[in-house]
Amino acid sequence: RGQILYSGIGDKDSAEYHYDMALEFAKKQKLPKSHLGLISFNRSEHFERYSLYKEAIDELLLAIHLFSGSENLPFIAKCHNSIGAVHKRQNNFSEAIKAFDKAAIIYVKLDDSIGIASIELNIGNVLKSIGQTSLAKKKYFHAAKIYQKNKDLSGLASCYNNLGNVYKNNEAYDSAFFYMYKTLAIRIKTGEERGLAYIYNNLSNLHKATGSSDSAVYYMEKSVLIKEVIGDKSDICEAYWGLADLYRSLEIYNLEYFSLNKPADIVQPQTPLEIVSIINKSLANANKRKGDYKKSTEYFTLYIANLDSLETLENKAGLMLDILAYESLSDSLSKEQIRLATELENVTLENR
């Protein structure tokens with residue numbers, strides 16, 4: 001419990017100390033491997049919170065190994081799903097799809113509708129990221145239907161939030177506001193801090209797109225405050241850059257410069273490259289406006305150095321093949337579900 005608490009409040013060192021203590025205690029007491037698996041799973045969430053993505057995936061793979069056995073299939077599926085989500089955060093979309101595939105197979109085997117909805121939602125997020133908005137919306141509506149049927153408010157809010165973003169990107173602003181405010185109502189009701197931070201961020205972007213600058217700043221500041229408490233450095237970087245960009249558009253350059261230097265101080269090797277890139281470019285422009293051409297050149301050099309890497313982050317054509325493979329898998333799994341249900345019905349009739 002201590003490990004999760006310290007990680008959540010941003011005390012990285014204390015959290016890792018408690019993780020080590022929990023692991024040592026579990027081994028000393030010769031607790032089942034599944035207990036060690038839970039520790040690894042929780043540790044992966046801690047690493048992800050601090051943008052240590054490689055370490056997060058390593059812990060999840062270890063958890064899968066420790067969870068071996070049919071009784072732990074729900075946890076194994078959850079680990080694969082989390083691996084996919086971590087890859088997606090880094091724009092490693094092909095690896096994300098592969099991990100989601102593995103989770104989907106287990107969820108269907110378990111007849112876990114909430115699990116299946118989470119995969120549909122995650123695949124929708126991948127599709128949205130590569131510009132396939134029509135396909136993404138279908139995934140979100142399908143997932144929302146499942147979540148609504150199961151009265152899962154958190155999952156439903158995630159679907160509405162993503163639908164709001166899709167409609168915003170398509171400039172269908174009335175629909176975007178409709179789904180985002182539905183999301184906000186649910187997030188306030190459930191009290192999910194991370195979810196609240198994201199919807200405030202998205203509402204800020206939506207107000208900015210519709211020309212309501214004051215509202216955009218208001219919501220982004222609320223998002224920044226929550227993200228600071230959560231302690232996810234990638235999220236903090238992105239939020240401060242968003243706030244800086246708003247100040248720039250309002251020509252409040254001193255606050256822009258202050259907001260840009262916040263993420264510059266906490267950028268680390270695991271921070272997604274596209275976030276690092278936009279921060280470096282913005283700092284280059286901000287320093288140029290200030291007349292500090294030496295610093296401006298340094299940041300422009302860093303920005304240009306990242307361009308080649310950004311261009312090779314993802315082969316979208318290849319990714320669509322992976323998604324088509326997932327769709328084929330989904331169809332096969334659905335058919336298998338029907339076959340198993342029919343088989344079970346026949347056996348039940350014979351028993352009667």
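Residues numbered from 1 in each chain as written. Predicted model: local features only at pLDDT ≥ 70, side-chain atom pairs only at ≥ 80, totals over all residues. Heavy atoms only, no water.

Enquirer: Go over the overall build of the protein with me, naming the residues and quoting the values.
Expert: Scanning the protein from N- to C-terminus turns up 17 helices and zero strands. Sorting the 352 residues of the protein into buried and exposed places 45% on the buried side. Considering only intrachain contacts with a sequence separation of at least 6, the fraction spanning at least 24 residues in the protein is 57%. Surface accessibility of the protein: about 18,400 Å² in total, with carbon and sulfur atoms responsible for 54%. (Helix = DSSP H or I, 4+ residues; strand = E, 2+ residues; numbered from the N terminus. Buried < 20%, exposed > 50% of the residue type's maximum accessible area, 1.4 Å probe, protein only. Contact = heavy atoms within 4.5 Å. Areas by Shrake-Rupley, 256 points an atom, 1.4 Å probe, with all protein chains shown as cover.)

Enquirer: Please give an account of the environment of Lys262 that cites residues and values.
Expert: Within the secondary structure layout, Lys262 lies in helix α14 (residues 253–266). Look at Lys262 and you get partly exposed, because its relative accessible area is 34%. Separated by 21 residues in the primary sequence, Lys262 and Trp241 place their C-alpha atoms 8.7 Å from one another.

Enquirer: Account for unusual backbone geometry, naming residues and giving values.
Expert: We note that Glu171 has phi near 65°; this positive angle belongs to a residue other than glycine. You can see Glu171 is positioned in the loop between α9 (153–169) and α10 (173–190). With a relative accessible area of 59%, Glu171 lands in the exposed category.

Enquirer: Describe the nonpolar core, with residues and values.
Expert: In globular proteins that are soluble, nonpolar side chains generally tend to be buried together. Grouped together as the largest cluster of nonpolar side chains are 57 residues, with contacts concentrated most on Cys79, Ile119 and Tyr147. Sort the elements by how many residues they give to this core and helix α6 (residues 93–110) lands first, with nine residues. Filtering out sequence-adjacent residues up to four positions away, Tyr147 remains in contact with Ile114, Ala117, Ser118, Leu121, Asp152, Gly155, Leu156 and Cys159. (Core = buried A, V, L, I, M, F, W, Y, C linked by side-chain atoms within 4.5 Å.)

Enquirer: Let's hear about the packing of helix α3 (residues 33–49) against helix α5 (residues 73–89): which residues, and what values?
Expert: Interaxial distance between α3 and α5 falls to 12 Å at its minimum, and their mutual angle equals 15°. The orientation of α3 with respect to α5, classified from their angle, is roughly parallel. Of the two possible hands of crossing, α3 and α5 adopt the one that is left-handed. On α5, the residues that touch Leu38, Phe41 and Glu48 of α3 are Phe75, Lys78, Cys79, Ser82, Val86 and Arg89. (Axes fitted to C-alpha atoms, helices over the stretch in contact; angles between N-to-C directions. Parallel < 35°, antiparallel > 145°, perpendicular 65-115°, else oblique. Left-handed = near helix turned anticlockwise from the far one by under 90°.)

Enquirer: Tell me about the environment of Ala136, and please be specific about residues and values.
Expert: Residue position: Ala136 is located in helix α8 (residues 133–149). For the pair Ala136 and Val166, spaced 30 residues apart in sequence, the C-alpha to C-alpha distance is 8.1 Å. Sequence-distant contacts of Ala136, defined by excluding residues within four places in its chain, comprise Gly124, Leu127 and Lys128.

Enquirer: So what's going on with helix α12 (residues 213–230)? Residues and values would help.
Expert: Here α12 contains 18 residues, and its C-alpha end-to-end distance of 26 Å stays within 8% of the 26 Å for a straight helix at 1.5 Å per residue. Of the positions making up α12, those classed as buried are Ala216, Val217, Tyr219, Met220, Ser223, Val224, Ile226, Lys227 and Ile230. Within two residues after α12, Gly231 carries a phi angle of roughly 90°, on the positive side. (Expected span 1.5 Å × (residues − 1).)

Enquirer: Tell me about α10, and please be specific about residues and values.
Expert: The terminal C-alpha atoms of α10 lie 26 Å apart, and with 18 residues this matches the ideal 26 Å at 1.5 Å per residue to within 8%. Along α10, the positions that sit buried rather than exposed are Ala176, Phe177, Tyr179, Met180, Thr183, Leu184, Ile186 and Arg187. In the core, the buried residues of α10 are packed alongside α8, α9 and α11 (193–209). Backbone geometry just after α10 places Gly191 at a positive phi near 70°.

Enquirer: Could you give an account of the pattern of salt bridges, naming the residues involved and the relevant values?
Expert: By the definition in use, this model includes 11 salt bridges. The salt bridge partner of Glu48 is Arg89, with a shortest N-O separation of 3.5 Å. Placement of Glu48 in helix α3 and of Arg89 in helix α5 is noted, with a sequence separation of 41 residues between them. By relative accessible area, which is 22% here, Arg89 ends up partly exposed. With its nearest N and O atoms 3.3 Å apart, the salt bridge here joins Asp235 to Arg194. On the criterion of sequence distance, the pair formed by Asp235 in helix α13 (residues 233–249) and Arg194 in helix α11 is long-range, its members being 41 residues apart. Judged by its relative accessible area of 27%, Arg194 falls in the partly exposed class. It is possible to trace a salt-bridge network through shared partners that takes in Glu48, Arg89, Arg194 and Asp235. (Salt bridge = Lys/Arg side-chain N within 4 Å of Asp/Glu carboxyl O.)

Enquirer: With reference to specific residues and values, describe the side chain of Asn287.
Expert: Tracing the sequence through the fold places Asn287 in helix α15 (residues 273–290). Asn287 gets classed as buried once you look at its relative accessible area, which sits at 0%. Leaving out residues up to four positions away in the same chain, Asn287 has contacts with Tyr257, Asp292, Lys295, Ser296 and Tyr299.

Enquirer: Got a sec to walk through the packing of aromatic side chains? Specific residues and values, please.
Expert: Under the criterion given, the structure shown has eight aromatic pairs. Ring centres of Phe67 and Phe75 lie 5.0 Å apart, and the angle between their planes is 15°; this geometry places the pair in the stacked category. The buried category is assigned to Phe67, whose relative accessible area is 1%. Through a chain of ring-to-ring contacts, the aromatic side chains of Phe141, Tyr160, Tyr167, Phe178 and Tyr179 assemble into a single cluster. (Phe/Tyr/Trp six-rings, centres within 6.5 Å; stacked < 30°, edge-to-face > 60°.)

Enquirer: Quick rundown of a nonpolar patch on the surface? Include the residues and the values.
Expert: A cluster of nonpolar side chains, Leu250, Ile252 and Leu255, forms an exposed patch at the surface whose accessible area comes to about 190 Å². Mapped onto the elements, Leu255 comes out in helix α14. (Patch = residues over 30% accessible without salt bridge, like charges linked within 9 Å, V, L, I, M, F, W, Y side chains within 5 Å.)

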